[in-house]
Amino acid sequence: MTSTSVDYQKILNQINQEFIDQPRSGKVASYIPELAKVPSNKFGMHLYDLDGSNYCFGDSQERFSIQSISKVFTLSLAMKVMGDKLWNRVGVEPSGDPFNSLSQLENDSGIPRNPFINAGALVVADVLVSSFSNAKAALLTFLHEITGNPQIDFDPVVAASEQSKGYRNYAMVNYLKSFGNIENDVEDVLDFYFHQCSIAMSCQELANAFIIFANNGTTIGSEREFLTGRQVKRVNALMQTCGFYDEAGEFSFEVGLPGKSGVGGGIVAVHPDRFAVAVWSPPLNPKGNSALGMASLERLTTLTGFSIF
Ligand code: GLN
C-alpha cells in the first residue's frame, strides 16, 4: 500500500469519532502549576505527509507546552555542534526508569543513560549553553529555520512556573555537576532547560518541524538539509528506544513508530519516508505519557497498516 492509496483524512476522522466522547483516562500534569490549568478535554491531531499534504482534526492548531518533545530539537542541535564527542557525555541506552529519575546516575558516575531522560537532556542543555553565546536564541533560530515559522517562541509564564517548583531538576543538575558532567553554572543550564520545555507549538507546527526526521534530515518544499542521514538514523533510533522512558517498549509494541512525548500531553511520531504526525491530549498515564495520544497513534498505525515493523 502506498501513502497515496490511504485516505488519511478519513482515518483521522474515524479516530476523532472513536475517542471524542469517551471519558478521558489519566491526569493532567500538575507538578508544573501552569500545566494544571490546561483543559483536560483538548484533543487534536495533525498528519503531515511527505508529499506536502496535511490532514487534521480537533484542536490541532492550538498551541500547547511541548515540554520533553523539545529534547529532540536540542539533541539535534547538540549533534550538529558536537558530533560524536557528545556520546562521551550521554549514553544511548533505554533507562527503563521514569523520566525524572536520579537513581542510575550514582552507579553510572554521572553519565545519563540517554538524552531523553531529564538527566540526559540537562547535559545536552549544558552542551548548548557552552556552544552558543545565546543558546536560547540559537534554539529558536533552529526551530524557525526547520519550520519556516518565525512565530514559534518560549512561554515565559510556563518557564517561570516550572522553575518555581523544579526541585528534582535542580537536584539532578547539581548532582551531574558533582560528577563533572556540567560545565556551566547550574542556574544557566536550568534557565535554558526550563525555557526549552516551555516552547509552545500546535500539532500542526510539530508535525511540520518533525518532517525532517521522516525525510533524511531535509525539509520538504525548500529542501534544506539540517541533519545528515546518519544523524537522523540516530535521532530516530533514540526516539524508538528511549522516547517514552519506561514505556518505550509499550509504545513500540502498540504504535511501532519512533516518537517523543511531553508532559504537556503532546506526542510526535514519524514514519521515515512517509509522514510526521502529532497528537495532543493533556491527561497523562502513570508513566507521564498522553493516554489518549498513545491510543490515537495505535489506531493510526493499525488503520493505515503503516508502522515501521
Ligand atoms: N519540563 C519537564 C520536566 O523536566 C519535562 C518532562 C516531560 O515532558 N516528560 O519535568
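Residues numbered from 1 in each chain as written. Predicted model: local features only at pLDDT ≥ 70, side-chain atom pairs only at ≥ 80, totals over all residues. Heavy atoms only, no water.

### Here's the deal with the overall build of the protein chain
- Secondary structure summary: the protein chain contains 12 helices and 7 strands in total.
- Here the C-alpha atoms of the protein chain give a radius of gyration of 18 Å, agreeing with the 19 Å that 2.2 N^0.38 yields for 309 residues.
- Taken over the C-alpha atoms alone, the protein chain extends approximately 55 × 40 × 35 Å along its principal axes.
- The buried share of the protein chain, taken over its 309 residues, is 58%.
- Of the contacts formed within the protein chain by residues at least 6 apart in sequence, a portion of 69% connects residues at least 24 apart.
- Carbon and sulfur atoms make up 49% of the accessible area of the protein chain, which amounts to about 12100 Å² in all. (Helix = DSSP H or I, 4+ residues; strand = E, 2+ residues; numbered from the N terminus. Rg over C-alpha atoms; globule rule 2.2 N^0.38 Å. Buried < 20%, exposed > 50% of the residue type's maximum accessible area, 1.4 Å probe, protein only. Contact = heavy atoms within 4.5 Å. Areas by Shrake-Rupley, 256 points an atom, 1.4 Å probe, with all protein chains shown as cover.)

### Some remarks on the site of the ligand
- The full set of residues close to the ligand is Y31, Q67, S68, F99, N118, E162, N169, Y193, C197, Y245, G262 and V263.
- Separating an oxygen atom of the ligand from a side-chain N or O atom of N169 is a distance of 2.9 Å.
- Separating an oxygen atom of the ligand from a side-chain N or O atom of Y193 is a distance of 2.7 Å.
- A total of 300 Å² of accessible area belongs to the ligand in isolation, and the protein chains cover 99% of it. (Near = heavy atom within 4 Å. Polar contact = N/O pair within 3.5 Å; in protein donor to acceptor, adjacent residues only side chain to side chain.)

### Describing the pattern of salt bridges
- In total, this model carries 12 salt bridges according to the counting rule given.
- Between R234 and D84 there is a salt bridge, with its nearest N and O atoms 2.9 Å apart. On the criterion of sequence distance, the pair formed by R234 in helix α10 (residues 229-242) and D84 in the loop between α2 (70-82) and α3 (103-107) is long-range, its members being 150 residues apart.
- Taking the relative accessible area as the measure of exposure, R234 reaches 29% and is therefore partly exposed.
- Sharing partners across several salt bridges, the network here consists of D84, R230 and R234. (Salt bridge = Lys/Arg side-chain N within 4 Å of Asp/Glu carboxyl O.)

### Some thoughts on the UniProt feature "binding site: substrate" (unreviewed entry) in the protein chain
- When the UniProt feature table is mapped onto this chain numbering, "binding site: substrate" (unreviewed entry) sits at S68, N118, E162, N169, Y193, Y245 and V263.
- Within the secondary structure, N169 sits in helix α7 (residues 167-178).
- Setting aside chain neighbours within four positions, we find N169 in contact with N118, L122, E162, L190, Y193 and F194.
- Relative to the helices and strands, Y245 is located in the loop between α10 and α11 (248-254).
- Those residues within four positions of Y245 in sequence are excluded, and the remaining contacts are S68, K71, D97, P98, F99, F116, I117, K260, S261, K287 and N289. (UniProt positions renumbered as here; feature names shortened; annotations may be inferred.)

### Details of the nonpolar core
- In this structure, F73, M201, L206, F210 and F213 are the most contacted members of the largest nonpolar core, which totals 68 residues.
- Leave out the neighbours within four places in its chain, and L206 touches F64, I66, I69, F73, M201, V268 and A278.
- I11, F19, V255 and L292 belong to the second largest nonpolar core, which has 25 residues in total. (Core = buried A, V, L, I, M, F, W, Y, C linked by side-chain atoms within 4.5 Å.)

### Some remarks on α7
- The end-to-end C-alpha distance of α7 is 17 Å, a good match for the 16 Å that 12 residues give at a rise of 1.5 Å each.
- Every buried residue of α7 is accounted for by N169, Y170, M172, V173 and L176. Mapping the buried residues of α7 onto a view down its axis gives an arc of 165°, with all of them on the same face. Facing away from the buried surface of α7 by more than 90 degrees, the exposed residues are Y167 and S178.
- At its buried positions, α7 is contacted by α3, α4 (118-131), α6 (156-164) and α8 (186-198).
- Where α7 terminates, the next one or two residues include G180, which has phi positive at roughly 85°. (Expected span 1.5 Å × (residues − 1). Arc of directions from axis to C-beta.)

### Describing the environment of F154
- The residue F154 is located in the loop between α5 (135-147) and α6 in this model.
- Judged by its relative accessible area of 14%, F154 falls in the buried class.
- For the pair F154 and R299, spaced 145 residues apart in sequence, the C-alpha separation works out to 32 Å.
- Setting aside anything within four residues of it in sequence, one finds F154 in contact with K136, L139, L140, H195, Q196, S198 and I199.

### Describing the packing of aromatic side chains
- Evaluation of the coordinates by the stated rule reveals 14 aromatic pairs.
- Both rings, one in Y175 and one in F179, keep their centres 5.2 Å apart while their planes meet at 65°; by these two values the pair is edge-to-face.
- For Y175, a relative accessible area of 24% gives the class partly exposed.
- On the basis of relative accessible area, F179 is assigned to the partly exposed category, the value being 31%. (Phe/Tyr/Trp six-rings, centres within 6.5 Å; stacked < 30°, edge-to-face > 60°.)

### Examining the environment of G221
- If you trace the backbone, G221 turns up in the loop between α9 (203-214) and α10.
- Linking G221 and L50, residues 171 residues apart in sequence, is a C-alpha distance of 9.6 Å.

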